[in-house]
Structure formats: C-alpha cells, structure tokens
Amino acid sequence: MTLIDGKGTAAAIRAELAVRAAAFEQKSGKKAGLAVVLIGNNPASQIYVRNKIKACEEAGLRSFAHYLPADVSQEEALALICKLAADGDVHGILVQLPLPRGLDAAALLAAIPAEKDVDGFSAENIGKLAKNEGGTVACTPLGVMELLHRYRIPTAGRHAVVVGRSNIVGKPMAMLLLNADATVTVCHSKTVGLKEICKEADILIAAVGKPKFITADMVKEGAVVIDVGTSRDEEGKLCGDVDFEAVSGVASYLTPVPGGVGPMTIAMLLKNTVAAAERTLK
Ligand code: GUN
C-alpha cells in the first residue's frame, strides 16, 4: 500500500505558488490578496481560518481577515462582502461555512463575484464545472484531483464511487471525476446496498463525516481510497471516514487523516487565489 502524502504534496504546491505570487507582485505592484470572513465562533472554523491565513502569509499572499459576531445582521454581513467585492486589493473572497443560524448563506455567497469566488461555490462556477468549461473549482475536491494527478493514478474508464453528496465536496467531486472520464457513482445516506457499491470502486472517495465509516469489507482489493473526513473524536483528535488500519491492508493507495486531503484544501485555496489575481492582469 502506498500512503498518499498530502502534507508533503501540499508543501511542494505551496512552494510553486510562492513563485507565482512573487511574479504577480512584481508585475502588479501588489500582493495577491485573499479576504477571509469568519462569522461566529465555531471552533473548527476558527482553526481552519487560522490555518488559511497562515498559509497565505507563508506563500507571500496578503490576507484580510474579517471576524463578525454570530448575531451580526444579514445586512451588515452583506455590506462587508460587497465592500470586499469592490476592493481592488482583494482578489479572492472566502466566507467560512457553516454560518450561524439566522443568516442566509446562499444570499451572502451570491454577493461574491464569480471572479473572486476562490471557493468555487458560485452558481457560475458550479455551472462551468457541470459543463466542463473551466472556472474555479471547490478547493477540497480540486485537492483530491491534484493528489490523483501527482500520484499518477489514472481515472479514465475507472469506477469512482463518491460517498457523500454535499455541495462543498461530494457533488463537485463527482463532476470532476466525470470530467476526468471516470465512471462515477454517488452514494449517500439513503443509498441502498452501499457496501456492495463501495466494493466495486476502483477509486473510493469518502466524504461522509462519520469516523471509521468505511471498513475493510467495503473496499475492493487494490482500490485507491481517498479519505475526506474531518471529524473529531472525544479527545478532539482529527479522524477520517476510513478505518485506516484495516483498510490499509486492502487498498493500493490510501490518504491518512491528518496529513492527507486537509493540507491540499489549503494549497488549492492559495492556487485559486493566485489564479484569480493573475486573471486581473489579463
Ligand atoms: N467549510 C468547510 N470547508 C469549507 C471550504 O472549503 N470553504 C468554506 N468557505 N467553508 C468551508
């Protein structure tokens, strides 16, 4: 079994992006800028946002962090996003999800112009992905594709099974794999015969959010298994969707948690931001 090193791969990508970010700064006279909006005090979101800001700065990007209280009004949050949308120093805008209850997330995200939508959540970018016409793609599924690519794992003609149908991971993941010529099955909580379907996968993507959900008896001998899970156990330790110990005896490639897909998500956010900045030069 080959362990897929997301941490190392992400570090290599971040180094490549630092070069592109420096070239952008040289040409434009300003740094590529990412605005991160965190509303409320979800502890997991606070960690993610801190990591995103740190990664920006390490790669020579500029970050603009905006922290709003959980009881902020829709109008105030919207006003901030509109201000960032009009700010020439901001090339990418990210509103960390989930949002506190009472806010209309769809309406807030709709205020982010597609060209600054570095999360790839906008209707325009999702439409482009669905039509295989480029556009900005959500960071986590993009990071998975990058891992498959860098580990030279072919997708054409292979059966990819995606477990999970979220807008952030499952759906864009399925579309990316389809665009890469895989035969794609999407499973979810109402799927009948989940175990049998998973066992047919050449490439199994677990994006469920339940620790050790994918057991060894659900994995075909030699399958590629990508774990997108980011749950926390009772002690607050990060754990994936895959029973790592057991599945490592069956899979040909496997991503660990932590150190697998997670670091790639941040690297892809930087990539989308640098790309958004570069587009402003054209
Ligand atoms: N919450 C969990 N994952 C993500 C992500 O990729 N982007 C945003 N904005 N929020 C998230």
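Residues numbered from 1 in each chain as written. Predicted model: local features only at pLDDT ≥ 70, side-chain atom pairs only at ≥ 80, totals over all residues. Heavy atoms only, no water.

L61, V144, L148, L177, I205, I226 and V228 are the most contacted members of the largest nonpolar core, which totals 52 residues. Sorting elements by how many residues they give to this core places helix α10 (residues 261–279) first, with ten residues. Look past the residues within four positions of I226 in its chain and what remains in contact with it is I4, V144, L148, L204, I205, A206, T255 and V261. If you look at the next biggest cluster of nonpolar residues, it comprises 20 residues, including F64, V90, L108 and F121. (Core = buried A, V, L, I, M, F, W, Y, C linked by side-chain atoms within 4.5 Å. Buried < 20%, exposed > 50% of the residue type's maximum accessible area, 1.4 Å probe, protein only. Helix = DSSP H or I, 4+ residues; strand = E, 2+ residues; numbered from the N terminus. Contact = heavy atoms within 4.5 Å.)

What follows is about unusual backbone geometry. With an omega of 0°, the peptide bond running from L97 to P98 counts as cis. Within the element layout of this structure, P98 appears in the loop between β4 (92–95) and α4 (105–110). If you check the backbone angles, R152 has positive phi at about 55° while not being a glycine. Relative to the helices and strands, R152 is located in the loop between α6 (139–150) and β5 (159–163). For R152, a relative accessible area of 75% gives the class exposed.

Our focus in this paragraph is the site of the ligand. For the ligand, the full set of nearby residues is K52, L94, V95, Q96, L97, D119 and F121. Between Q96 and the ligand, the recorded distance is 3.2 Å, taken from a side-chain N or O atom to a nitrogen atom. Residue L97 places a main-chain N or O atom 2.9 Å away from a nitrogen atom belonging to the ligand. Burial of the ligand by the surrounding chains reaches 84%, relative to a free accessible area of 280 Å². Residues of the shell around the ligand, tallied by class, amount to four nonpolar, one polar and two charged. (Near = heavy atom within 4 Å. Polar contact = N/O pair within 3.5 Å; in protein donor to acceptor, adjacent residues only side chain to side chain. Areas by Shrake-Rupley, 256 points an atom, 1.4 Å probe, with all protein chains shown as cover. Nonpolar A, V, L, I, M, F, W, Y, C, P; charged D, E, K, R; others polar.)

Pairing is parallel in the open sheet, where six strands are placed in the order β1-β11-β8-β7-β5-β6. Edge strands, defined here as strands with exactly one partner in the open sheet, are β1 (2–3) and β6 (183–187). Relative to strand β11 (residues 253–254), strand β8 (residues 224–227) is paired through two bridges, and the arrangement is parallel. Counted as the bridge partner of V224 is Y253 from β11. (Pairing = 2+ DSSP bridges.)

A word on the environment of L3. Residue placement: L3 occurs in strand β1. On the basis of relative accessibility, which here comes to 45%, the residue L3 falls in the partly exposed class. Linking L3 and S248, residues 245 residues apart in sequence, is a C-alpha distance of 8.6 Å. Aside from chain neighbours lying at most four places away, what touches L3 is Y151, F244, L254 and P256.

What follows deals with the pattern of salt bridges. Applying the stated criterion across every chain yields a total of eleven salt bridges. Ionic pairing is found between D217 and K195, a salt bridge with its closest N-O pair at 3.3 Å. Taken together, the positions of D217 in the loop between β7 (203–206) and β8 and K195 in helix α8 (residues 194–199) put the pair 22 residues apart, joining distant regions of the chain. Judged by relative accessible area, D217 falls into the partly exposed class, the value being 37%. Residue K195 is classed as partly exposed on the basis of its relative accessible area, which comes to 38%. Salt bridges linked by common partners bring E16, E146, R150 and K271 together as one network. (Salt bridge = Lys/Arg side-chain N within 4 Å of Asp/Glu carboxyl O.)

In short, shape yes, function no, at least from these values alone.
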